[in-house]
Amino acid sequence: MIKIIDKNSIRQRRHERVRAKISGTAACPRLSVYRSNANISAQLIDDTAGVTLAASSSIQLKIEHGNNVAAATAVGSDIATKATALGISKVVFDRSGYLYHGRVKAVAEAARAAGLKF
């Protein structure tokens, strides 16, 4: 039997390895990034309660081309302002198995510039 290995299955295995080590709490939630071909989104997740505290995406912000670095920067700064409104200043960054490059890096740097610490 031939097992087909694609980029996404490799990414998901890498994501599972990382998720085994990091977890978000109410005081220090997990900032999870999801990157698709057309859009990008970010969530603040409390893993102990299993709830999403805040979310932002290029679809929610009505960005026409949500698959570029400018859209990722807007999502990063938006999620950081939502976090500060909730009284959250420190998060754990979860890149979801993606390389820390391009749009994922833009979300992280914009969130840091807007005041989140990680």
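The rules behind these values
- Residues numbered from 1 in each chain as written.
- Predicted model: local features only at pLDDT ≥ 70, side-chain atom pairs only at ≥ 80, totals over all residues.
- Heavy atoms only, no water.
- Pairing = 2+ DSSP bridges.
- Helix = DSSP H or I, 4+ residues; strand = E, 2+ residues; numbered from the N terminus.
- Axes fitted to C-alpha atoms, helices over the stretch in contact; angles between N-to-C directions.
- Contact = heavy atoms within 4.5 Å.
- Left-handed = near helix turned anticlockwise from the far one by under 90°.
- Nonpolar A, V, L, I, M, F, W, Y, C, P; charged D, E, K, R; others polar.

Q: Looking at this model, I keep getting lost on the sheet that holds strand β1 (residues 30-35). Mind explaining?
A: Working definition: the strands of a sheet are paired by backbone hydrogen bonds and lie parallel or antiparallel to each other. Ordered by their spatial adjacency, four strands build an open sheet running β3-β2-β1-β4, and the pairing between neighbours is mixed. The outermost strands of the open sheet, each flanked by one partner alone, are β3 (51-57) and β4 (92-94). Within the sheet, the average angular offset between the axes of one strand and its neighbour, ignoring direction, is 20 degrees. Sheet analysis places β1 next to β4, joined by three bridges and oriented parallel. Of the residues in β4, the one forming a bridge with Ser32 is Asp94. Sitting on the sheet, helix α3 (residues 103-113) is in contact with β1, β2 (40-46) and β4, with an inclination near 145 degrees to β1.

Q: Please clarify how the packing of helix α2 (residues 69-85) against α3 should be interpreted in this entry.
A: Close contact between α2 and α3 brings their axes to 7 Å; oriented N to C, the two are set at 35 degrees. Taken as a pair, α2 and α3 cross one another with a handedness that is right-handed. Taking contact as the criterion, the partners of Val69, Ala72, Thr73, Gly76, Ser77 and Ala80 in α2 are, on α3, Arg103, Ala106, Val107, Ala110 and Ala111. Classifying every residue of the contact of α2 with α3 by side-chain character gives seven nonpolar, three polar and one charged.

Q: What am I meant to see in the pairing of β1 here?
A: For a regular strand, side-chain orientation follows a simple rule: the groups alternate between the two sheet faces. Relative to β2, β1 runs antiparallel, the two sharing six bridges. The partner of Arg35 across the bridge, within β2, is Ile40. Counting the residues that bridge the hairpin from β1 to β2 gives four residues.

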